[in-house]
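Spelled out, the chains give:
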Amino acid sequence: MYSYNRVHIIGYQTQPVEVRQTPQGTSVVDLNLVVPYSFKSEGGEQLQGKSFHTITLWGPMADIAGQFVKPGTQLFVAGRLQTDQWDDPKSGEKRNKTKVIAMDMVILDPKDGRKSPPNGTPLVTECVNTAFLVGNVTRDPELRSTASGTPVVTLGVATNDKWKDRKTGEMQERSEFTNVVAWSELGKQAAQSLKKGSRVFVQGRVQTRTWQAQDGSKRATTELVADTLLLLGIDNPTALQAVAYEPKGAARDMENDSQVQAQGQETAIPAINYSSDIKVEDLPF
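Residues numbered from 1 in each chain as written. Predicted model: local features only at pLDDT ≥ 70, side-chain atom pairs only at ≥ 80, totals over all residues. Heavy atoms only, no water.

(A) Region of the structure containing the overall build of the protein chain. Counting its secondary structure elements, the protein chain contains four helices and twelve strands. Within the protein chain, the fraction of its 285 residues that count as buried is 31%. Put simply, of all contacts in the protein chain between residues at least 6 apart along the chain, 62% involve residues at least 24 apart. Total accessible area on the protein chain is roughly 19,700 Å²; 52% of this is exposed by carbon and sulfur atoms. (Helix = DSSP H or I, 4+ residues; strand = E, 2+ residues; numbered from the N terminus. Buried < 20%, exposed > 50% of the residue type's maximum accessible area, 1.4 Å probe, protein only. Contact = heavy atoms within 4.5 Å. Areas by Shrake-Rupley, 256 points an atom, 1.4 Å probe, with all protein chains shown as cover.)

(B) Geometry of the pattern of salt bridges. If you walk through the whole model with that rule in mind, you get twelve salt bridges. Two residues, K99 and D84, come together in a salt bridge whose shortest N-O distance is 3.0 Å. Pair noted here: K99 is in strand β6 (residues 94–107) and D84 is in strand β5 (residues 74–87), with a separation of 15 residues, a long-range link. When its relative accessible area of 16% is taken as the criterion, K99 is described as buried. For the salt bridge of K115 with D112, the shortest nitrogen-to-oxygen distance reads 3.4 Å. (Salt bridge = Lys/Arg side-chain N within 4 Å of Asp/Glu carboxyl O.)

(C) Structural context of empty space enclosed by the protein. This model, assessed by the stated rule, comprises one cavity of 30 Å³ or more. Taken as a whole, the largest cavity encloses approximately 30 Å³ of empty space. When its residues are assigned to classes, the lining of the largest cavity shows one nonpolar, four polar and four charged. (1 Å grid on protein atoms, 1.4 Å probe; cavity = no way out; pocket = protein on both sides within 12 Å on 5 of 7 lines; lining within 4 Å. Points joined across faces, edges and corners; volume = space filled by probe spheres on them. Nonpolar A, V, L, I, M, F, W, Y, C, P; charged D, E, K, R; others polar.)

(D) Representation of the environment of V29 within the structure. Counting through the fold element by element, V29 comes out in strand β3 (residues 27–40). Through-space distance from the C-alpha of V29 to that of E18 is 6.3 Å; in sequence the pair is eleven residues apart.

(E) Fine view of unusual backbone geometry. The phi dihedral of S184 is positive, around 55°, even though this residue is not glycine. Here S184 is to be found in helix α2 (residues 184–193). Since its relative accessible area comes to 35%, S184 is described here as partly exposed.

(F) Spotlight on the side chain of Q207. Within the secondary structure layout, Q207 lies in strand β11 (residues 199–212). For Q207, a relative accessible area of 17% puts it in the buried group. Among the polar contacts listed, one links the side chain of Q207 to the side chain of R205, at a separation of 3.2 Å. If near-sequence neighbours (up to four positions away) are discounted, Q207 is found in contact with T221, T222, E223 and V225. (Polar contact = N/O pair within 3.5 Å; in protein donor to acceptor, adjacent residues only side chain to side chain.)

(G) Examining the pairing of strand β4 (residues 46–58) more closely. Strand direction decides the pairing type here: β3 and β4, joined by 13 bridges, are antiparallel. In the strand pairing of β4, V35 is matched with S51. Here two bridges tie β4 to β6, and the two strands are oriented parallel to one another. Opposite T56, over in β6, you have I101 as the bridge partner. (Pairing = 2+ DSSP bridges.)

(H) The environment of N160, seen in detail. Mapped onto the elements, N160 comes out in strand β9 (residues 151–164). Here N160 falls in the partly exposed class, since its relative accessible area comes to 38%. Note: C-alpha distance between N160 and S175 (15 residues apart in sequence) is 4.5 Å. Among the polar contacts made by the side chain of N160, one reaches the side chain of S175 at a distance of 2.8 Å.

(I) Up close: a nonpolar patch on the surface. Residues I64, F68 and I107 make up a contiguous nonpolar surface patch of roughly 260 Å² in combined accessible area. Relative to the helices and strands, I107 is located in strand β6. (Patch = residues over 30% accessible without salt bridge, like charges linked within 9 Å, V, L, I, M, F, W, Y side chains within 5 Å.)

(J) Seen up close, helix α1 (residues 60–68). Those residues of α1 not exposed but buried are M61, A62 and A65. The buried residues of α1 occupy an angular sector of 100° when projected down its axis, which confines them to one face. For α1, exposure combined with an orientation more than 90 degrees from the buried face picks out P60 and Q67. (Arc of directions from axis to C-beta.)

(K) A look at the nonpolar core. L31, I55, L57, V180, V202 and L229 are the most contacted members of the largest nonpolar core, which totals 36 residues. Per-element accounting of this core gives the leading share, four residues, to β3. What V180 contacts, discounting residues up to four positions off in sequence, is L133, V153, T154, L155, V157, V202, L224, A226 and L229. (Core = buried A, V, L, I, M, F, W, Y, C linked by side-chain atoms within 4.5 Å.)

(L) Structural detail: the pairing of strand β1 (residues 4–13). Where β1 and strand β7 (residues 128–137) come together, seven bridges link them in antiparallel fashion. Its bridge partner lying in β7, H8 is registered against T130. Pairing geometry for β1 and β3, over two bridges, is antiparallel. Paired with Q13 across the strands is L33, a residue of β3.

See the structure below:
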């Protein structure tokens, strides 16, 4: 596997579910999940927000959603980012929309109904919006600053998805291009160290921004706001200190050990002391 593209979301369905059928009879559903979240402003103030995500389900998963998912249902969805493109029938301009193609879905509502959230426990009652990418940078990072002087960098990351066509049995491949945004010190270091072609790992949240174009039409773009952005394929001195390189002749020693064991002579294995200073009766649970 040369790249990775996964999204995990816990959110709430916002509208009634409509099951559609393809000409071949395959069920398909588009969910619209809302994910509340908290974040800090440039001034350090803790704010509340919410993001909306289109989730496409296919086949039996779509049928299950049509039967059991209602407005307000809490769901966990794992899938991959996919951007669809088309030509606007009126203007002829290119349009695109990024959504999540579901690979797993779990309905989180208990049978006896959801409970009210306990007070004072924000860390264990939040939702989830986390994406993971392993891919290659498609363009040199662009570093800018906000009006207040906060650095922000934007770049593109390409990932590939491979699957076998159910009709022809042939392998198919699709490239996905994701816009990535990194803020503050992470953005500055990304601009200094990354370039087109760099292999990276990105972890963050999926965000869709909307604005009004000059012609009055509503536009939207989806991006991954990075919490972690790592340059891959480089030496790490700390890790290399723990790497044991096979000494010369080790392969011959292993062969000799195998021959000894085959003749019924077991090699001496040092005893391991598993005792602990912690006593079971002293544990508080």
